[in-house]
Amino acid sequence: MEPLTEQEIRAAFVNCTKGEAKRLHVPRDLADRPWEDLDYLGWRDPQAPDRAYLAAALDARPVAVVLRTSSAGSWQARRSMCSICLTVHSGGVSLMVAPKAGKAGQQGNSVGAYLCDDLACSLYVRGRKDAGAGARMHETITLEEKISRTVANLAAFVAKVRTA
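Reference entry: report on the structure contained in this document.

## Regarding the pattern of salt bridges
Summed over the entire model, instances satisfying the criterion amount to 8 salt bridges. Here Glu-6 makes a salt bridge to Arg-28, at a shortest N to O gap of 3.4 Å. Taken together, the positions of Glu-6 in helix H1 (residues 6–11) and Arg-28 in the loop between helix H2 (18–23) and strand E1 (41–45) put the pair 22 residues apart, joining distant regions of the chain. Taking the relative accessible area as the measure of exposure, Arg-28 reaches 70% and is therefore exposed.

## A word on the nonpolar core
Judged by nonpolar contacts, the single largest core of 45 residues is most densely connected at Ile-9, Phe-13, Trp-43 and Leu-67. Elements that contribute at least two residues to this core include exactly E1, strand E2 (48–58), strand E3 (61–69), strand E6 (93–99), strand E7 (110–116), helix H4 (121–125) and helix H5 (143–162). No other element matches E2, which puts 6 residues into this core. Not counting residues within four places of it along the chain, the set of residues in contact with Ile-9 comprises Leu-4, Val-26, Leu-30, Leu-41, Trp-43, Ala-55 and Ala-64.

## A look at the sheet that holds E7
If you walk across this open sheet you meet the 5 strands as E1-E2-E3-E6-E7, and the pairing is antiparallel. Edge strands, defined here as strands with exactly one partner in the open sheet, are E1 and E7. On average, each strand axis in the sheet is inclined to that of its neighbour by 35°, with strand direction left out of account. Here 7 bridges tie E6 to E7, and the two strands are oriented antiparallel to one another. Residue pairing across strands places Met-96 opposite Ala-113, the latter belonging to E7. The strands touched by H5 are E2, E3, E6 and E7; relative to E2, the strand with the most contacts, the crossing angle is about 110°.

The rules behind each value
Every residue gets a number counted from 1 within its own chain, in the order that chain's sequence is written. Two thresholds apply to this predicted model, a pLDDT of at least 70 for residue-level local features and 80 or more for giving and counting side-chain atom pairs, whereas whole-chain, interface and lining totals are computed over all residues. In computing side-chain properties, one takes all heavy atoms of the structure into account and sets aside hydrogens as well as water. Counted as salt bridges are all cases of a side-chain nitrogen of Lys or Arg within 4 Å of a carboxyl oxygen of Asp or Glu. Segments assigned H or I by DSSP are reported as helices when at least four residues long, segments assigned E as strands when at least two residues long, and all are numbered from the N terminus. Burial here depends on accessible area, computed with a 1.4 Å probe over protein chains only, as a share of the maximum for the residue type. Under 20% is buried, over 50% is exposed, and the range in between is partly exposed. Nonpolar cores were defined as sets of buried Ala, Val, Leu, Ile, Met, Phe, Trp, Tyr and Cys residues, with membership established by side-chain atoms within 4.5 Å. Every residue pair with non-hydrogen atoms within 4.5 Å of one another is taken to be in contact. Think of it this way: DSSP has to see at least two bridges between two strands before they count as a pair. Axis definition: a line fitted to C-alpha atoms, over the contacting stretch in the case of helices. Angles run 0 to 180 degrees between N-to-C directions.

Okay, structure coming up:
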């Protein structure tokens, strides 16, 4: 992924107002992120633990999405699989919900997906981050195919957020 600036990220949000995008927390360490290993930039809001964000370059254009997550519950101690990168975690996957873009979102419609709590899917797929024993299933496909699948899963989720 090509590095994104704070301005590009704020302008790319599709499911919040411009004012909300201007006020939300964007990481200050963008220059230090491992951009060459990222398929998307994901982060949690340190001042609002129930908020998360992701930004990606899909179709060569930046797109960003606001997410909400529920508070941790007893169900999170079970092993769950991220729907984006297919990594299995013990307590490290949360249902994250994104308001739909446009009028549908204003009416309260949303889309949800089970995502890695730390939004580090790209690093798990590439083996740069370890989720523990049994976290990655043995597969016969190549790393490039795993990366393509992750990007396709992300694009499908973002497409659901953008459609009315």
